[in-house]
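Chain by chain, the residues:
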Amino acid sequence: ITVYYESGKRTVVIENKDHIKMCKVIFYQKNVEKGLMEILETTSKDQFAAYAAKIVKNECETICKRHSDFALTDKTYEGIMEFSWDHLYQDLLLGAPNTLRIVSSMVTSSIPMPVPSKEFHHALFAIGIILHGRNREATTLQYLNGMVLLHGGCTHQDMKRLAKLGVCVFPETVRNKLQSWQSNLDEKLLEVKEKWCKGDSMTYQLVGDNWDKNIVPSYRTSKNSTQSIHLFNVIGVIDRIVIKKEEGTPVRTVDSMTAVDFIPSEGDIDSLQKELTFLVARSVIQNIKQMEDLFGKIYPGHLEHIHSNEAGMKTSQYSLGLFDCDEKKTADVIRLLQNLTEKYVPKKDGEIVEEVFFGGDRLTDEKIQVAQQAMRNADSGLERLEGFISKIEDFHRLMNFLELVKHISYTFNQSQLVCKAIHRLSYNTQSSRDRGTVHYYRNLLNARNVKGEVKNSYRAYKQLYYTLFDAICCVLFLKKFELDSCDSTIPVPQGIKDWEADQQLQWLNDKCGEIVKEIFPHDLFAELQNVLADPDHEENYWVNSIENDNFKCHFCNSRYKYVTSLKMHEKTKHQVNMSAKVQTTNSLLRQTDELNDYLVSVFRLTALHQNLNSAVDMGDGYRVVRSAKFETPIYNRTNKVKYLIGSVHLTALVSGTLPAHQSKRLIANRFINISGGKNNNLSLDEFVEILNRDTKNATHGFQTKDSIVQHSKEFPHLVHAVKHFDAMCEVKKKKRVSQTSFIQGGCQKGFDRFAVY
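This is a predicted model, so every value here is computed, not measured.

How would you explain the overall build of the protein chain if you had to name every residue and give the values?
Scanning the protein chain from terminus to terminus reveals 33 helices and 16 strands. Its C-alpha atoms give the protein chain a radius of gyration of 35 Å, more than 25% over the compact-globule value 27 Å for 757 residues. The principal-axis extent of the C-alpha atoms belonging to the protein chain is close to 140 × 75 × 60 Å. Evaluated residue by residue, the protein chain yields a buried proportion of 48% over its 757 residues. If you take every contact in the protein chain between residues at least 6 apart in sequence, the share linking residues at least 24 apart comes to 71%. Looking at the protein chain as shown, the accessible area adds up to about 39200 Å², and 50% of this sits on carbon and sulfur atoms. On the protein chain, the mean spot of the 97 positive side-chain charges and the mean spot of the 93 negative ones are 6 Å from each other.

The structure is reproduced here in structure tokens:
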């Protein structure tokens, strides 16, 4: 080869075969670099690898510099809790693309890697550990791993072992980081509070529930027995629907309300019929193939209401941690409310700007009111704990109502509400051989998870009753056309497919509406309304005699705690024996089909339950609070006094005893939406129940109440970190069997037997 220089030329003889190949590549190939790399890859692997390592070293030095804004060096709250593989991936593509390519080639032959995938996660996780070894400040991923390990109850010694390998940071480091974040729990709420105090319309509410845990000792003695811990979990929820304050709105007193205000009116019945028509139509479409083909794509999945546009918005909720409070002790509740009043009730010049709603189950609602009654003689509104308005939430209402459905059935007559046991309980384990009973269908559907108490298997029981509800809907719909089989062809109007969508929906709603009106007639509560409105009725005769929580005799000064005692007194001393005005209808007396009565009663109660449940899912607050009126007579006749009071209290709050804007706020903001979507709402207390479960999982490593209380503000961060880690790594929970497949897989095989009844 002759090489020419400015000063002359030089002839070089190349004898090495590899060098000759390189020269040929330079002289004859277009892609010179690629050809040279292929030769060096086989002839000089060590040198080739050394230069590749040098490239990787330079890239890693660059991205690991201080103040480089690299994803792995951001140790702030947002940097750790919002860390994502995608963010790390983008930083590596910009700052260390060759490093990313080399590591990726170790886990997959597909370059570039599929994103996201298992290989993708493994490669980035490996890079995170490697870069942590180069730069001890690149610990974002290690902090997140440490929180996951702490949440799972990993011992400090095991975490130290893993920290030596770079998987996580030391446990003390994680604890210090969690303690420094305590102010992050309520930071957003306090910002809203400051604006609220200045007259802003943005508001929030608090929701709480008891948090109980039993710690079983490893070695049990008479002095070292099971330790029962009772704490209280509180969350703050920013209202997503802003209700502006209305000045000068009239407020009713509870004394001005009558008993008729607490039972459904004719307008409430009309609304219920429309809502149940929607539920029956959806059930028919989901479970009858012909109806699904006709209406599946055009029938709405969401029942529109006044706040439908906001029902799909995500909500902002913040866990405030565990508080050392036993809900059953009034003194503890008072101390809790005093602490929460000081921090979260908006105040100006020592006066309450506006009350904050405090929600929970019926026990929480009761104890807050008891605490306020105990402090009613204090000097100021703050000391009297008037900064909170207690309210009952909906998940425990649903669970308690389903428990009632399980144990007893009701018969609704057109002219009156008659409540009685229907020859056997709606769910009885001894009725498994009696066709048509709930337990018979439980065995037919092989629903083995339906067992024990409702509170311990709520979703399993709900699935069973909703399955029966769907089956009865299909039976009643087919009977409208005198059919008795799912395989029968329903005689729909000719040319219905060519109709406008509104006309098609109207036809289906008319058919389903006829079913609903037969079972829930317009004058459903007419007789009850007449009784409550009649001052001369026997019940009102006795109730009107109440004075100072005692029943006073109409003829003397005797007073009694219970009305039955007063009745006996007037009967024996004053010869008063009033006969009840009980009216019966011939249609009720002629009713002899006991199994039909039983199934219709189950259907009616389940329909009311599903209506409330769907209202929660769809974020329909007006439907939720209206359902309390339908629950009130049922709770009253079954001696469910605690939840009877809860229903009456909820109805009173939304019937004008609060200012108009507070009443609207109470109705509209009863839900939490985590993922977005109009039908993805949760009740507030259900979210607290979920948080309680997750928090208990995070306390596995603690064996005393003091240690749990000491670290109580850390658990919300651990729960948040684990949920974020699951979402980031696409950790999916076990799939549940959908209700539709549950019905199709079990109920339809017994449909013919069911249709007989």
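What follows picks up the thread again.
Quick one: what's the story with the pairing of strand β8 (residues 356-360), residue by residue and with numbers?
With five of five residues buried, β8 lies mostly within the body of the structure. Covered by surrounding structure in β8 are Val356, Phe358 and Gly360 together with Phe357 and Gly359, the residues of both alternating faces. Relative to strand β9 (residues 388-392), β8 runs parallel, the two being bridged by five bridges. Paired with Val356 across the bridge in β9 is Phe388.

How would you summarise empty space enclosed by the protein if you had to cite specific residues and measurements?
Scanning the model with the defined rule gives eight cavities of 30 Å³ or more in all. Of the voids in this model, the largest cavity is the one considered here, and its volume is about 70 Å³. Taken together, Leu272, Phe401, Leu608, His609, Asn611, Leu612, Ser627, Phe630 and Glu631 make up the full set of residues lining the largest cavity. Elements with a contribution of two residues or more to the lining of the largest cavity: α25 (594-617) and α26 (621-637). In terms of residues, the lining of the largest cavity owes the most to one element, α25, which gives four residues. For the lining of the largest cavity, a count of residues per class yields five nonpolar, three polar and one charged.

Just give me the short version of the nonpolar core, but keep the residues and values in it.
In this structure, Met291, Phe295, Phe477, Leu508 and Phe520 are the most contacted members of the largest nonpolar core, which totals 81 residues. Those residues in contact with Leu508 that sit more than four places away from it in its chain are Ala281, Ile285, Met291, Phe295, Tyr299 and Phe477.

Tell me about the environment of Glu689, and please be specific about residues and values.
Structurally, the position occupied by Glu689 is in helix α29 (residues 684-697). Distance in space between the C-alpha atoms of Glu689 and Phe395 is 9.2 Å, their sequence separation being 294 residues. Each residue touching Glu689, except ones within four places of it in the same chain, is listed here: Asp209, Phe395 and His396. At a separation of 3.1 Å, a polar atom in the side chain of Glu689 contacts the side chain of His396.

With reference to specific residues and values, describe the sheet that holds strand β13 (residues 550-552).
If you walk across this open sheet you meet the three strands as β12-β13-β14, and the pairing is antiparallel. Bordering the open sheet on either side are β12 (546-547) and β14 (559-560), each of which pairs with just one other strand.

Let's hear about the packing of helix α8 (residues 140-151) against helix α9 (residues 156-164): which residues, and what values?
Between α8 and α9, the least distance of the axes is 11 Å, while the angle of their chain directions is 155 degrees. Between α8 and α9, the angle falls in the class roughly antiparallel. Relative to α9, α8 is oriented so that their crossing is right-handed. Mapping the contact onto sequence places Gly146, Leu149 and Leu150 in α8 and His156, Met159 and Leu162 in α9.

Which residues make up helix α5 (residues 85-95), and what values do they have?
Buried residues of α5: Trp85, Leu88, Tyr89, Asp91 and Leu92, and no others. Down the axis of α5, the buried set is contained in an arc of 165 degrees. They therefore lie on one face.

An account of the pairing of β9 is needed here, citing residue identities and associated values.
For β9, the tally of buried residues reaches five of five residues, placing the bulk of the element in the interior. The handedness of the β8 to β9 crossover, carried by helix α16 (residues 362-374), is right-handed.

An account of the sheet that holds strand β3 (residues 204-215) is needed here, citing residue identities and associated values.
Spatially, five strands are ordered β5-β4-β3-β8-β9 in an open sheet, and the strand pairing comes out mixed. The outermost strands of the open sheet, each flanked by one partner alone, are β5 (316-323) and β9. Taken over all neighbouring pairs, the strand axes of this sheet differ in orientation by 25 degrees on average, direction set aside. For β3 and strand β4 (residues 227-238), the ladder comprises 12 bridges, and the chain directions are antiparallel. Within β4, the residue paired with Asp212 across the bridge is His230. The sheet contacts of helix α11 (residues 187-197) involve β3, β4, β5 and β8, and relative to β3 the element is tilted by about 150 degrees.

For the packing of aromatic side chains, give the residues involved together with the corresponding values.
Summed over all chains, the structure comprises 17 aromatic pairs. Pairing Tyr440 with Tyr441 gives two aromatic rings, centres 5.1 Å apart and planes at 80 degrees, and the pair type is edge-to-face. Neither residue differs from the other here; Tyr440 and Tyr441 are each classed as buried. By the ring-pair criterion, three or more aromatic residues cluster together here, those being Phe295, Phe477, Phe481 and Trp507. Cation over ring: Lys177 sits above Tyr143, and NZ or CZ is 5.2 Å from the ring centre. Note that Lys713 overlies the ring of Phe323, its terminal NZ or CZ placed 3.9 Å from the centroid.

Pulling in residues and values, what's your account of the pattern of salt bridges?
Counted according to the given criterion, the structure contains 29 salt bridges. Across the pair Glu386 and Arg384 runs a salt bridge whose closest N-O atoms are separated by 2.7 Å. The network of salt bridges with common partners includes Lys391, Glu393, Asp394, Arg397, Glu631 and Arg670.

Any chance you could break down unusual backbone geometry for me, citing the residues and the numbers?
Note on backbone geometry: most residues besides glycine have negative phi, and most peptide bonds are trans. One non-glycine residue, Asp349, adopts positive backbone phi at about 55 degrees. Mapped onto the elements, Asp349 comes out in the loop between β6 (347-348) and β7 (351-352). Positive phi values are uncommon outside glycine, yet Asp549 reaches one of about 65 degrees. Structurally, the position occupied by Asp549 is in the loop between β12 and β13.

Give a description of the side chain of Thr695 that names residues and reports values.
The residue Thr695 is located in helix α29 in this model. A residue is classified by how much of its surface remains accessible, and Thr695, at 4% relative accessible area, is buried. From its side chain, Thr695 meets the backbone oxygen of Leu691 in a polar contact 2.6 Å long. The contact partners of Thr695, leaving out residues within four places of it in the chain, are Trp211, Asn233, Leu322, Phe715 and Val719.

Kindly report on the confidence of the model for the protein chain, identifying the contributing residues and their values.
Model confidence for the protein chain is summarised by a mean pLDDT of 85, while 91% of its residues fall at 70 or above. Within the model, pLDDT remains below 50 along residues 409-425, and this stretch shows 60 contacts once partners closer than five positions in the same chain are excluded.

Could you give an account of the state of the cysteines, with specific residues and numbers?
Applying the stated criterion to the full structure yields zero disulfides. Among the cysteines around Cys154, which has no disulfide bond, Cys168 carries the closest sulfur, lying 7.2 Å off.

Outline a nonpolar patch on the surface, listing residues and values.
A cluster of nonpolar side chains, Ile1, Ile26, Phe27 and Tyr28, forms an exposed patch at the surface whose accessible area comes to about 480 Å². Structurally, the position occupied by Phe27 is in helix α1 (residues 17-28).

Rules and cut-offs
Residues numbered from 1 in each chain as written. Predicted model: local features only at pLDDT ≥ 70, side-chain atom pairs only at ≥ 80, totals over all residues. Heavy atoms only, no water. Helix = DSSP H or I, 4+ residues; strand = E, 2+ residues; numbered from the N terminus. Rg over C-alpha atoms; globule rule 2.2 N^0.38 Å. Buried < 20%, exposed > 50% of the residue type's maximum accessible area, 1.4 Å probe, protein only. Contact = heavy atoms within 4.5 Å. Areas by Shrake-Rupley, 256 points an atom, 1.4 Å probe, with all protein chains shown as cover. Lys, Arg positive; Asp, Glu negative; His and termini not counted. Charge placed at Lys NZ, Arg CZ, Asp CG, Glu CD. Pairing = 2+ DSSP bridges. 1 Å grid on protein atoms, 1.4 Å probe; cavity = no way out; pocket = protein on both sides within 12 Å on 5 of 7 lines; lining within 4 Å. Points joined across faces, edges and corners; volume = space filled by probe spheres on them. Nonpolar A, V, L, I, M, F, W, Y, C, P; charged D, E, K, R; others polar. Core = buried A, V, L, I, M, F, W, Y, C linked by side-chain atoms within 4.5 Å. Polar contact = N/O pair within 3.5 Å; in protein donor to acceptor, adjacent residues only side chain to side chain. Axes fitted to C-alpha atoms, helices over the stretch in contact; angles between N-to-C directions. Parallel < 35°, antiparallel > 145°, perpendicular 65-115°, else oblique. Left-handed = near helix turned anticlockwise from the far one by under 90°. Arc of directions from axis to C-beta. Right-handed = clockwise from strand over helix to strand, strands pointing away. Phe/Tyr/Trp six-rings, centres within 6.5 Å; stacked < 30°, edge-to-face > 60°. Lys NZ or Arg CZ within 6 Å of the ring centre and 35° of its normal. Salt bridge = Lys/Arg side-chain N within 4 Å of Asp/Glu carboxyl O. pLDDT = per-residue confidence, 0-100. Disulfide = S-S within 2.5 Å. Patch = residues over 30% accessible without salt bridge, like charges linked within 9 Å, V, L, I, M, F, W, Y side chains within 5 Å.

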